Amino acid sequence: MKRLLPLFLLGCAVLPLGAQSFFSRLDYSLRGSILVFPEDNGNASSPMPILPSLGGSASYPLSDLLALELSLDLYGTLYDYNYALERAVPASLEDRSSLVIGLLWGLQPVFRFRPWGEKITIRGYGGLAFDLRVCLLASGLESGEPHSPDPGKTVGDASADIFSYFWGGGRWLFPFIGGGMDFAFLEKMTLGFDLRVWFPVWRVWTGEDLPFIEGFRFGIGFRATFQ
C-alpha cells in the first residue's frame, strides 16, 4: 500500500499536465452556415428548407498535414408527417406539426495543405455525421387537434411519427465530404469558408422509393478559427 501511494500521487500530478497539453494544442472554430435540404415532392410538402445555422469545431493536429476534427452545426425547421408518402416532409407555418431542432455532429480527419506558405491553408476532409434531431410539438398547437386531412390522426400522432421516422432506419447517419480555405487574419486567428455535402446512405437499407435528391444536404459556411 505504501508503494502504491507515491504512484497514485505521481499520476494525479501528471494527468492534469497531460490534459493541459492536449487542450493547448486544440484549434477552435466558430462557423455560420446556410444549409440546403433539397426536396422533390411537388405539392406534398413545402419548398426545400434553406436554413441558417450556427456551429463550431475543435481540431487536434496529428501532424502538419493531418488533424482530427469534431464539429457541431445547429439548425431548426418545421415538419409535418405525410401519411400518403409515409414519411416526414418540410412544412409551412400553416401545415406544421413539429419543430425539429437538429444537432448535426461530425467527426472527420482534415488534410491541410499550404502550397503558398502559412498565409493560406487549403482543407479537404470527409467523415461521418450524426444528425441527432429533437422533435417538439410545434408552438401554438395542441396535441389532440385533428391532423388534416387524415381522419383519426391528431397533430400529436403526426409529431410522434416524425420523431419515429427520423430516428428509425438509421436516418440520422450521414457520411459527408467537404473542403475549404483559411486566410491569415490576425496572429492567432484565421478567416475562411467551407463547402460541404452530406449523403443519405440510409436509403441503401431502408428501401424507400424517394426522389433522387431526397435526403442529400448541402452547406456553405464562413468560419473564424482561433489557435
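Look a little higher up for the structure.
Residues numbered from 1 in each chain as written. Predicted model: local features only at pLDDT ≥ 70, side-chain atom pairs only at ≥ 80, totals over all residues. Heavy atoms only, no water.

(A) Region of the structure containing the overall build of the protein. Across its full length, the protein holds 3 helices and 9 strands. For the protein, the sequential pattern of α-helices and β-strands runs α-β-β-β-β-β-β-α-β-β-α-β. A burial count over the protein gives 41% of its 227 residues as buried. Look at the contacts in the protein between residues 6 or more apart in sequence, and 65% of them connect residues 24 or more apart. (Helix = DSSP H or I, 4+ residues; strand = E, 2+ residues; numbered from the N terminus. Buried < 20%, exposed > 50% of the residue type's maximum accessible area, 1.4 Å probe, protein only. Contact = heavy atoms within 4.5 Å.)

(B) Quick look at the pattern of salt bridges. Applying the stated criterion across every chain yields a total of 14 salt bridges. With its nearest N and O atoms 3.8 Å apart, the salt bridge here joins D194 to R223. Taken as a pair, D194 in strand β8 (residues 189–198) and R223 in strand β9 (residues 217–226) lie far apart in primary sequence, 29 residues in all. With relative accessibility at 7%, the residue R223 sits in the buried group. Through salt bridges with shared partners, a single network forms among R31, E69, D73, R123, D182, D194, R196 and R223. (Salt bridge = Lys/Arg side-chain N within 4 Å of Asp/Glu carboxyl O.)

(C) Representation of the packing of aromatic side chains in the model. Under the defined criterion, the tally for this structure stands at 11 aromatic pairs. Seen from their ring centres, F130 and W172 are 6.3 Å apart, and the 25° between their planes marks the pair as stacked. Residue F130 is located in strand β6 (residues 120–137), and its partner W172 is located in the loop between α2 (155–167) and β7 (173–186); the two are separated by 42 residues in the primary sequence. For W172, a relative accessible area of 27% corresponds to the partly exposed category. Here the guanidinium or amino end of R171 rests over the ring plane of Y165, the centre of that ring lying 4.0 Å away. Seen from the ring of F37, R217 lies directly overhead, with NZ or CZ sitting 4.3 Å from the centre. (Phe/Tyr/Trp six-rings, centres within 6.5 Å; stacked < 30°, edge-to-face > 60°. Lys NZ or Arg CZ within 6 Å of the ring centre and 35° of its normal.)

(D) Layout of the nonpolar core. Ranked by size, the top nonpolar core spans 22 residues in total, and within it Y79, I162, F166 and W198 carry the most contacts. Mapped onto this core, the elements with two or more residues apiece are β3 (66–82), β5 (98–113), β6, α2 and β7. Among the elements that line this core, the one with the most residues is α2, at 4 residues. Y79 has contacts with F37, A88, V89, P90, A91, R96, S97, S98, V100, I162 and F166, leaving out every residue within four places of it along the chain. (Core = buried A, V, L, I, M, F, W, Y, C linked by side-chain atoms within 4.5 Å.)

(E) Representation of the pairing of β9 in the model. As defined by bridge partners, strand β1 (residues 27–36) adjoins β9 across 9 bridges and the pair is classed as antiparallel. Bridging from a neighbouring strand, L30 pairs with A224 of β9. (Pairing = 2+ DSSP bridges.)

(F) Inspection of the environment of S148 at higher detail. Relative to the helices and strands, S148 is located in the loop between β6 and α2. A residue is classified by how much of its surface remains accessible, and S148, at 62% relative accessible area, is exposed. Between the alpha carbons of S148 and D95 there is a distance of 8.6 Å; along the sequence they are 53 residues apart.

(G) Spotlight on the environment of L93. If you trace the backbone, L93 turns up in the loop between β4 (87–90) and β5. For L93, a relative accessible area of 54% gives the class exposed. Each C-alpha atom, one on L93 and one on S139, is 9.9 Å from the other, the two residues being 46 residues apart in sequence.

(H) Quick look at unusual backbone geometry. At the junction of S148 and P149, the peptide bond is cis and its omega measures out at 5° in the coordinates. Tracing the chain through its elements places P149 in the loop between β6 and α2. Even without being a glycine, E86 presents a positive backbone phi close to 60°. Within the secondary structure layout, E86 lies in the loop between β3 and β4.

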